[in-house]
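Close look at the chain arrangement
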Amino acid sequence: MENIWTILLLIALFSIITFLYWKLTNRYAEKEYGKKMFKQWGTRTFYWTGALFISGGITVCIIYLLKWGNVVTF
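Computed from a predicted structure; not experimentally measured.

Describing the overall build of the protein
Secondary structure summary: the protein contains three helices and zero strands in total. The C-alpha radius of gyration computed for the protein amounts to 16 Å, which surpasses the reference 11 Å derived for 74 residues by more than 25%, pointing to a less compact arrangement than a globule. A principal-axis box enclosing the C-alpha atoms of the protein has dimensions of 45 × 20 × 15 Å. The buried share of the protein, taken over its 74 residues, is 20%. A separation threshold of at least 6 residues defines the contact pool for the protein, and within that pool the share at least 24 residues apart is 67%. By element, 72% of the accessible surface of the protein is carried by carbon and sulfur atoms, the whole surface being about 6100 Å².

Details of the packing of aromatic side chains
Applying the stated criterion across every chain, the model contains five aromatic pairs. With centroids separated by 6.4 Å and ring planes inclined at 15°, the aromatic side chains of Y33 and F38 adopt a geometry described as stacked. Since its relative accessible area comes to 37%, Y33 is described here as partly exposed.

Points about the confidence of the model for the protein
This prediction gives the protein a mean pLDDT of 91; 99% of its residues lie at or above 70. No element of the protein has a lower mean pLDDT than helix α2 (residues 35–38), at 90, and none a higher one than helix α3 (residues 41–68), at 94.

Regarding the packing of helix α1 (residues 2–33) against α3
α3 packs onto α1 with a crossing angle of 140° between their chain directions and a minimal axis gap of 8 Å. As summarised for this structure, α1 and α3 are arranged oblique, according to the angle between their axes. Helix-helix and strand crossings are classified by hand; for α1 and α3 the assignment is right-handed. Residues of the contact of α1 with α3, tallied by class, amount to 18 nonpolar, seven polar and no charged.

A short note on the pattern of salt bridges
Counting across every chain of the model gives one salt bridge. Here K35 makes a salt bridge to E30, at a shortest N to O gap of 3.3 Å. With relative accessibility at 23%, the residue E30 sits in the partly exposed group.

Cut-offs used in this document
- Residues numbered from 1 in each chain as written.
- Predicted model: local features only at pLDDT ≥ 70, side-chain atom pairs only at ≥ 80, totals over all residues.
- Heavy atoms only, no water.
- Helix = DSSP H or I, 4+ residues; strand = E, 2+ residues; numbered from the N terminus.
- Rg over C-alpha atoms; globule rule 2.2 N^0.38 Å.
- Buried < 20%, exposed > 50% of the residue type's maximum accessible area, 1.4 Å probe, protein only.
- Contact = heavy atoms within 4.5 Å.
- Areas by Shrake-Rupley, 256 points an atom, 1.4 Å probe, with all protein chains shown as cover.
- Phe/Tyr/Trp six-rings, centres within 6.5 Å; stacked < 30°, edge-to-face > 60°.
- pLDDT = per-residue confidence, 0-100.
- Axes fitted to C-alpha atoms, helices over the stretch in contact; angles between N-to-C directions.
- Parallel < 35°, antiparallel > 145°, perpendicular 65-115°, else oblique.
- Left-handed = near helix turned anticlockwise from the far one by under 90°.
- Nonpolar A, V, L, I, M, F, W, Y, C, P; charged D, E, K, R; others polar.
- Salt bridge = Lys/Arg side-chain N within 4 Å of Asp/Glu carboxyl O.

Spelled out as structure tokens, the structure:
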């Protein structure tokens, strides 16, 4: 049962971080590339690849800190 809560924590943390990253950087990226260019698949794929990598890295760091602080155990 503990594994299920750990997985749910990971998914929730990753989703929240990805959402916050999107909210903070979407307008900047659209302005940087231009509206027409940002609507193309290549540009959006590049943006979302970076967003997922950054969110994954932040999630791993937070989980590591929670494990190091003995807040979660697995």
